[in-house]
Amino acid sequence: MTTVIASGKTIDDAISEGLARLNTTKEYVDVTILQAPSKGFLGLIGVKQAQVKLTLLEPQVSIPSSKPKPATTVSPREQRATESTVTKTAPPATPQEDTAVVKPAASTDRPASPEEVCAEAMQLVRDVGTSIGLELQVDVKRNRDGYVMSISGSDLGLLIGRRGQTLDALQYLVNIVANRYSDKFIRIVLDAENFRDRRRKTLEELADRLANKVVRSGREVVLEPMSSQERKVIHARLQNHNRVKTASKGEEPNRRVVIALRSGSATGSERN
């Protein structure tokens, strides 16, 4: 049984490529879709062509040559005789339905498993790295909230970005793409060079300094816009502080943490 695997920008392009290689038409093959085309992130990252498998059905019917026949010269007299002759002809045949059998490579009826979600997330991260010239390795560990993917490689500063903004954006996209076939959201955290731990310590130190400033001055402090993940670090650090309290205000992506005195707390100058 003759089988070919063909690729193309679209499924139709891939099928046409396979038919040309088999020198046949669609009604004489069994078509299995191996991979649907994907434009990838922003149409650039993780682009995938369509891929199909064509199996030639038996018996194979030869295809008439498509080479055009030489034109026949008809005299005006013969043309008039032909036009004046009325002949009964059979009604035009109904166009044949496309009889190719299309089989999905995998069933889409069931939701994606956590393993499949992680596999897709890891592949997207590697594709992003390849698109910007980085060869990345990804290790996965499970925790109580979901999965942490630790990225290793060279020049990871480009992937992390200023204060982790690029890494946060990639994490957001990975969670959306990897969970699109999952019936239960699986949280994925991306980390690179222990950036998350280092950033957490930096934010905790910042929270302590600003809390002391609020206690001394008696005036609230509004921090710069942060991601929800970073705001949680500030809130957690100061939730048991006996002199200050925290709250968030504003709308995403400009939501900020506010640190203010608790009711009844005296400032440092008042105590003096």
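Thresholds, definitions, all that
Residues numbered from 1 in each chain as written. Predicted model: local features only at pLDDT ≥ 70, side-chain atom pairs only at ≥ 80, totals over all residues. Heavy atoms only, no water. Pairing = 2+ DSSP bridges. Helix = DSSP H or I, 4+ residues; strand = E, 2+ residues; numbered from the N terminus. Contact = heavy atoms within 4.5 Å. Axes fitted to C-alpha atoms, helices over the stretch in contact; angles between N-to-C directions. Salt bridge = Lys/Arg side-chain N within 4 Å of Asp/Glu carboxyl O. Buried < 20%, exposed > 50% of the residue type's maximum accessible area, 1.4 Å probe, protein only. Core = buried A, V, L, I, M, F, W, Y, C linked by side-chain atoms within 4.5 Å. Expected span 1.5 Å × (residues − 1). pLDDT = per-residue confidence, 0-100.

Draft legend 1. Summary view of the sheet that holds strand 10 (residues 256-261). Spatially, the 3 strands line up as an open sheet ordered 8-10-9, and their pairing is antiparallel. Of all the strands in the sheet, just strand 8 (221-222) and strand 9 (244-249) have a single pairing partner and so form its edges. Each of strand 8, strand 9 and strand 10 touches helix 6 (residues 195-217); the most contacted strand, strand 10, lies at about 40° to it. Sitting on the sheet, helix 7 (residues 228-238) is in contact with strand 9 and strand 10, with an inclination near 160° to strand 9.

Draft legend 2. Layout of the environment of E193. By the secondary structure assignment, E193 is in the loop between strand 7 (187-192) and helix 6. Along the backbone, E193 and S152 are 41 residues apart, and their C-alpha atoms lie at a distance of 6.7 Å. Apart from the residues lying within four places of it in its own chain, the contact partners of E193 are I151, L156, I160 and R198.

Draft legend 3. Up close: the pattern of salt bridges. Evaluated as defined, the whole model comprises 11 salt bridges. Measuring nitrogen to oxygen at the nearest pair gives 3.2 Å for the salt bridge that ties R200 to E204. Here R200 and its partner E204 are both found in helix 6, 4 residues apart, which amounts to about one turn of the helix. Under the relative-accessibility criterion, R200 is labelled partly exposed at 31%. Three or more residues are tied together by salt bridges with common partners; here these are D197, R200, K201, E204, D208 and R237.

Draft legend 4. The sheet that holds strand 7, seen in detail. Spatial ordering of the open sheet is given by 5-6-7, a layout of 3 strands whose pairing is mixed. Of all strands in the sheet, those bounded by a partner on one side alone are strand 5 (137-143) and strand 7. Here the strands of the sheet are splayed against their neighbours by 25° on average, with no regard to which way each runs. Where strand 6 (residues 146-152) meets strand 7, 6 bridges bridge the pair, whose relative direction is parallel. If you follow Y147 over to strand 7, its bridge partner there is I188. The sheet contacts of helix 5 (residues 165-178) involve strand 6 and strand 7, and relative to strand 7 the element is tilted by about 145°.

Draft legend 5. Spotlight on the nonpolar core. With 26 residues, the main nonpolar core has M149, I151, V174, I188 and L190 as its most contacted residues. Those elements giving two or more residues to this core turn out to be helix 3 (114-131), strand 6, helix 4 (157-160), helix 5 and strand 7. Take this core: its biggest share by element is 7 residues, from helix 3. Setting aside residues up to four positions removed in sequence, M149 forms contacts with C118, A121, M122, V138, D139, V140, I188, V189, L190 and D191.

Draft legend 6. Up close: helix 3. The end-to-end C-alpha distance of helix 3 is 26 Å, a good match for the 26 Å that 18 residues give at a rise of 1.5 Å each. Every buried residue of helix 3 is accounted for by V117, C118, A121, M122, L124, V125, D127, V128 and G129. Among the residues trailing helix 3, G133 stands out with phi positive, at a value near 80°.

Draft legend 7. Representation of the confidence of the model for the chain within the structure. With 75% of its residues at a pLDDT of 70 or more, the chain shows a mean pLDDT of 80. Note that pLDDT drops below 50 for residues 71-78; the model gives that stretch 2 contacts with residues more than four away or on any other chain. With pLDDT under 50 throughout, residues 80-108 is counted as low confidence; its partners more than four residues away or in other chains account for 19 contacts.

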